[in-house]
Amino acid sequence: MAGLDDLALRRQARRLLAPWDRPGSPGATLGLVCQGALVLHESAGLASLELGVPIGPGTCFRVASVSKQFTCAAILLLAVEGRLSVEDSVHDHLPELPEFGARITIDQLMHNVSGLRDMLELMRFGGADLSHPCHTEDLLAAIGRQRSLNFAPGTRFRYSNTGFLLLGRIVERVSGESLDDFLARRIFTPFGMTRTRHTPSIAEVVPGLATGYLPQGESFRRAQHGFPLGGEGGLVSCVEDLALWDRNFTIHRVPGLAETLVEQQPFANGKPNLYARGLEVTSYRGLRTVNHGGLWPGYKTCFLRVPEREMTVIAIANHGGIDTHALAHRLLDAALEGMPGFHAVPPMPRLDGLFGRWVAPESGTTVEFAEGPVATQHGVPFPLAPTGDGRLAAMRGVFPFTVGLPEGDSLTLETDAGTLTRFRRAPAEASLPEGLTGTWHCEELGAAWTIAPEEGGLAVCVRGPVASAGPWPLQAITGDAFRIRTPGMLFQGWVDALAERGADGRVAGFTVNGARASGLRFLPA
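Residue indices follow the written sequence of each chain, beginning from 1 at its first position. Side-chain atom pairs in this predicted model are given and counted only at pLDDT of 80 or more, local residue features only at pLDDT of at least 70, and totals for whole chains, interfaces and linings cover all residues. In computing side-chain values, all of the structure's heavy atoms are included and hydrogens and water are not.

**Student:** I would appreciate a short explanation of the sheet that holds strand E17 (residues 380–386) in the present structure.
**Tutor:** Strand pairing in a sheet relies on backbone hydrogen bonds, with the paired strands running either antiparallel or parallel. In this analysis, strands are considered paired if DSSP registers two or more bridges between them. Strands are runs of DSSP state E lasting at least 2 residues, helices are runs of H or I lasting at least 4, and numbering of each runs from the N terminus. Judged by pairing direction, the barrel is antiparallel, and its 8 strands sit side by side in the order E14-E15-E16-E17-E18-E19-E20-E21 before closing back on the first. Averaged over all pairs of adjacent strands, the angle between their axes in this sheet comes to 30°, without regard to strand direction. As paired elements, strand E18 (residues 391–394) and strand E19 (residues 402–404) share 3 bridges and run antiparallel to each other. Residue pairing in the sheet places Ala 393 in a bridge with Thr 402 of E19. Helix axes are fitted only over the stretch in contact, all axes being lines through C-alpha atoms; the angle between N-to-C directions runs from 0 to 180 degrees.

**Student:** I keep staring at the sheet that holds strand E2 (residues 37–44) and nothing clicks. Help me out?
**Tutor:** One open sheet holds the 6 strands; their spatial order is E2-E1-E13-E12-E11-E10, and the pairing between them is antiparallel. Two strands lie at the open edges of the sheet, namely E2 and strand E10 (280–284), each paired on one side alone. The sheet shows a mean angle of 20° between the axes of neighbouring strands, taken without regard to direction. The contact definition used throughout considers only heavy atoms, calling two residues in contact when any of these lie within 4.5 Å. Running at roughly 30° to E2, helix H1 (residues 3–17) makes contact with strand E1 (28–34) and E2 of the sheet. Along the sheet, helix H11 (residues 324–336) makes contact with E1, E2, E10, strand E11 (287–296), strand E12 (299–306) and strand E13 (311–317), crossing E13 at roughly 145°.

**Student:** Would you take a moment to explain the nonpolar core for this structure?
**Tutor:** Nonpolar side chains tend to gather and get buried jointly when the protein is soluble and globular. Counting residues in hydrophobic clusters, the biggest one holds 84 residues, and the most contacted among them are Phe 70, Ile 75, Ile 187, Phe 227, Trp 245 and Leu 261. Counting residues per element, this core draws most heavily on helix H2 (residues 68–80), which supplies 8 residues. Residues within four places of Phe 70 in sequence aside, it is in contact with Leu 183, Ile 187, Phe 188, Met 193, Leu 235, Leu 242 and Trp 245. Here, the term nonpolar core denotes a set of buried Ala, Val, Leu, Ile, Met, Phe, Trp, Tyr and Cys residues that are joined through side-chain atoms within 4.5 Å. Partly exposed describes any residue whose relative accessible area lies between the buried limit of under 20% and the exposed limit of over 50%, with all areas from a 1.4 Å probe on protein chains only and scaled to the type maximum. Formed by 28 residues, the second largest nonpolar core is a distinct cluster that contains Ala 13, Leu 16, Leu 32 and Leu 332.

**Student:** In this structure, what is going on with the pattern of salt bridges? I would like to understand it.
**Tutor:** Side chains that differ in sign of charge can pair as their charged atoms come close. When a carboxyl oxygen of Asp or Glu lies within 4 Å of a side-chain nitrogen of Lys or Arg, that pair is called a salt bridge. Applying the stated rule across the entire model yields 27 salt bridges. For Glu 81, the salt bridge goes to Arg 186, with nearest N and O atoms at 2.8 Å. Of this pair, Glu 81 sits in the loop between H2 and helix H3 (90–93) while Arg 186 sits in helix H8 (residues 179–191), placing them 105 residues apart in sequence. Put simply, Arg 197 and Glu 204 hold a salt bridge, and the shortest N to O gap is 2.9 Å. Judged by relative accessible area, which is 30%, Arg 197 ranks as partly exposed. Owing to a relative accessible area of 28%, Glu 204 belongs among the partly exposed residues under this scheme. Salt bridges here are not isolated pairs; linked through shared partners, they connect Arg 285, Arg 330, Asp 333 and Glu 337.

**Student:** What should I look at first to understand the packing of aromatic side chains in this one?
**Tutor:** By convention here, two paired aromatic rings are described through the distance between centres and the angle between planes. Aromatic pairing here means that ring centres of Phe, Tyr or Trp (its six-membered ring) are within 6.5 Å. Orientation follows from the plane angle: under 30 degrees is stacked, over 60 is edge-to-face, and everything else is tilted. This structure, assessed with the given rule, holds 17 aromatic pairs. Ring centres of Trp 245 and Phe 249 lie 5.6 Å apart, and the angle between their planes is 90°; on these two criteria the pair is classed as edge-to-face. Of this pair, Trp 245 and Phe 249 both sit in helix H9 (residues 239–251), 4 residues apart, which is roughly one turn of that helix. Take Phe 249: its relative accessible area is 8%, and that puts it in the buried class. Of the aromatic side chains, those joined through ring pairs into one cluster are Trp 440, Trp 449, Trp 472, Phe 482, Phe 510 and Phe 522. One Lys or Arg, Lys 68, reaches over the ring of Phe 164 and ends 5.3 Å from the middle of that ring. Comment: the charge-over-ring label is applied if NZ (Lys) or CZ (Arg) is within 6 Å of the ring centre and within 35 degrees of the ring normal. Positioned above the aromatic ring of Phe 191, the side-chain terminus of Arg 253 is 5.0 Å from the ring centre.

These figures come from the coordinates and say nothing about function on their own.
Structure representation (structure tokens):
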């Protein structure tokens, strides 16, 4: 990259970071790797608001789910040595797990096709949000209560932190070392990643670690998190160290590892799965990308590679309001704009009739669309981009979501494994199903939900195995479909629910469907 091009990109990076280059604000750091060199590393904002310490080259962050590719790398190293096979059943190494009703392989965990419900969502539905103190034993107990799956293994994609916690425990069981010791010995030390470590305990003092913050009006508050971190998200790292890790994808310091990490496996129906092993393989403006994001209270990360251009963007923030996915892609735009093969963004189609709330009557699943365009599911908003074929797709990783424009009062949403779901426009006014009041129990959550009148409506109070929560207000959607607001540290979400009726026509229970845990049945306590 020529000197003036380098200067222009540094100025572009500073422009992107400018909103947080001010007193009293946490911020972010941006890195650009090009043909084996870290050609750009710019930062803005404070690593500690209390101490006035700025973010700099040595600042470390919790990179959350960017950790998953390292956990997969540890599994693959053990497989090369013949100490396990990726086709082994999970129960071969963790026999204490429940049967789940199906055989699940190690590889299915890595590709997010195991069907295992996400433990963080299970904990939240049981009343314990990320800010609530808990232990690894609590997470394992939540997994151990499961008797069914989101879907048959290998048939669908559903992002699941459960799978990566279990992968980390398999590494420990097979190697005889802690996951942090194994990663340090086999990857971090040989690669020169001296500022990277796996930190299961959030109480551990980590040199140079930025504090995570969440916006609160015009000010900020420290992000609270009380959950331990395993193979699903336990790494602390920085731009320089992730650039050193990225180098292995080019020079293959560990032969075969980079290629194996990005191997994709199709679903049972032959449709492609974009999720490889702890990494997503997709395309952006005509170029193949290998990427993953990370999200933890007060921290966000995007690790974005463009292999054919030998270019990687790393964006990390300690400001919970920064969209690092968008930040990384804007820097990539600046680096590649005008180059051959880097396609223009397709024009936005007319969005007549799209905005508003939609519901899938058979499951009670809802989705909302607003100006931007932005879609929201389970309370999580995400921007949409035109696909060039008259549809819109989600602009965020590990989230297959492509929607066609409305045809009258219906539209079609395509998700993982080519699944097509027909949605109907939800009515402007609706009533909750009669007969929801009372106490309901979900065996797989080990939790009781009590529904009672609250401020002119109905609300849920949760009594779970670790914590209690509520009141969570209920909202009518249409017919037997309703949803429940579930406040959380990361977002103010909701779960979709559908009442079940007995032979007498009365409500006999209901099923709850979240983003990463579905089919949870509640019956009278």
